[in-house]
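Topology and contacts: notes
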Amino acid sequence: MPPPRIQEAIEEICAATAAQGSRLWIDAEQQVFQSAIDNWTIDLMRQFNRRGHVVVFNTIQAYLKSSAENVSRHLKLAQAEGWTLGIKLVRGAYIAHDYRSRIHDNKAATDSNYNHIVQSLLTRQFPTGASASPHMFPDVCLFVATHNAESVRKAYSLARYRMHNKLPTIPVELGQLQGMADEVSCELLAQKFASDVTAGQSRGQSAEPGVFKCLAWGSLEECLHFLLRRAIENQSAMERTRHTAVALRKEAWRRIAW
């Protein structure tokens, strides 16, 4: 547990967040800190994620070999104790600092694990294969946070299919950083808008998964460390530059035609 003064401060923030109907994402860190962060965040979810409302989300890094087991641990605690679990799923950002043996051997394995966790949650199953009655599966909200177009489209398509066919699933939202994978975000929003129009649904009543962009807010000094970290983490995104440029040109022409 953190020092009492810090604990009081974060609980005050959580209470204010709940009062205004917002949500709080607790970020992931290096493995040397993560176990303590997980336990602290679980305590906050026990306190604030009640009666189907999600205030606090914990971040799970799918590049860790233990991530599927960690998600299942969170699910079992939520199931046994009756609170709602909030999970933000990311790939991971500390490959240069964490124990390499604890990280999946290659990107393909990480991608497969990420998609497996998403599919398991959307179909109300434990990622480790542990059995659970559909009626006993806990309340869960999932935030799919990734710039990987394939993972985003798979998650959106599966969630949409299950929602429209009235199959058991969980609430899901998808988000990327502003300025990254914008063509994917625009594609999903276009599908969502078209589906809502067809169904005659207004804003706030949509049955489609939510789509969000994450924007750093504050002065340059306040945001500098965040932006530098994002730039370092996403150096590999430069490989997608040509594909992104083509996709954005298509989006521009689509808007002009519309």
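Okay, so let's go over this structure. Bear in mind that the values here come from a model prediction, so they are computed numbers and not experimental data.

Looking only at helices and strands, the protein has 8 helices and 6 strands in total. Each helix and strand of the protein, placed in order from N terminus to C terminus, yields the pattern α-β-α-β-α-β-α-β-α-β-α-β-α-α. When burial is assessed residue by residue, the protein has 43% of its 258 residues classed as buried. Counted over contacts in the protein with a minimum sequence separation of 6, partners at least 24 positions apart contribute 79%. Of the roughly 15,000 Å² that the protein leaves accessible, carbon and sulfur atoms contribute 57%.

Let us now look at the packing of helix α4 (residues 107–122) against helix α5 (residues 149–164). Two numbers describe how α4 lies on α5: the axes approach to 10 Å, and their chain directions differ by 10°. Taken together, the axis directions place α4 and α5 in an arrangement best described as roughly parallel. Taken as a pair, α4 and α5 cross one another with a handedness that is right-handed. Here α4 contributes Tyr114, Asn115, Val118, Gln119 and Leu122 to the contact with α5, which in turn contributes Ser151, Lys154, Ala155, Leu158, Ala159 and Arg162. When its residues are assigned to classes, the contact of α4 with α5 shows 6 nonpolar, 3 polar and 2 charged.

To continue, consider unusual backbone geometry. Here arginine 51, not a glycine, exhibits a phi torsion of approximately 55°, which is positive. Within the secondary structure layout, arginine 51 lies in the loop between α2 (31–48) and β2 (56–61). A positive phi angle, close to 55°, is found at lysine 166, a residue other than glycine.

Over its 15 residues, helix α3 (residues 67–81) runs 21 Å from end to end, which matches the ideal 21 Å to within 8%, given 1.5 Å per residue. Looking only at α3, the buried set comprises Ser67, Ala68, Asn70, Val71, Ser72, His74, Leu75 and Ala78. Turning to α3, the residues buried within the fold contact α2, β2, β3 (85–90), α4 and β4 (140–145). Taken from the residues just after α3, glycine 82 is the one with a positive phi, measuring 80°.

Take the nonpolar core next. Core analysis: the largest hydrophobic core is formed by 43 residues, its most contacted members being Leu121 and Leu142. With residues near it in sequence (within four places) discarded, leucine 142 still touches Ile87, Leu89, Val118, Leu121, Ile170, Pro171, Val172 and Glu173. Val54, Phe57, Val90 and Ala145 belong to the second-largest nonpolar core, a separate cluster that totals 6 residues.

Take the packing of aromatic side chains next. Enumeration over the complete set of coordinates arrives at 4 aromatic pairs. Between phenylalanine 126 and phenylalanine 137, the aromatic rings sit 5.8 Å apart at their centres with planes inclined by 75°, giving edge-to-face as the arrangement. With phenylalanine 126 in the loop between α4 and β4 and phenylalanine 137 in the loop between α4 and β4, this pair connects stretches of sequence that are 11 residues apart. For the pair phenylalanine 126 and phenylalanine 137, a shared accessibility class is recorded, and that class is buried.

Definitions and limits used
- Residues numbered from 1 in each chain as written.
- Predicted model: local features only at pLDDT ≥ 70, side-chain atom pairs only at ≥ 80, totals over all residues.
- Heavy atoms only, no water.
- Helix = DSSP H or I, 4+ residues; strand = E, 2+ residues; numbered from the N terminus.
- Buried < 20%, exposed > 50% of the residue type's maximum accessible area, 1.4 Å probe, protein only.
- Contact = heavy atoms within 4.5 Å.
- Areas by Shrake-Rupley, 256 points an atom, 1.4 Å probe, with all protein chains shown as cover.
- Axes fitted to C-alpha atoms, helices over the stretch in contact; angles between N-to-C directions.
- Parallel < 35°, antiparallel > 145°, perpendicular 65-115°, else oblique.
- Left-handed = near helix turned anticlockwise from the far one by under 90°.
- Nonpolar A, V, L, I, M, F, W, Y, C, P; charged D, E, K, R; others polar.
- Expected span 1.5 Å × (residues − 1).
- Core = buried A, V, L, I, M, F, W, Y, C linked by side-chain atoms within 4.5 Å.
- Phe/Tyr/Trp six-rings, centres within 6.5 Å; stacked < 30°, edge-to-face > 60°.

None of this, on its own, says anything about what the molecule does.
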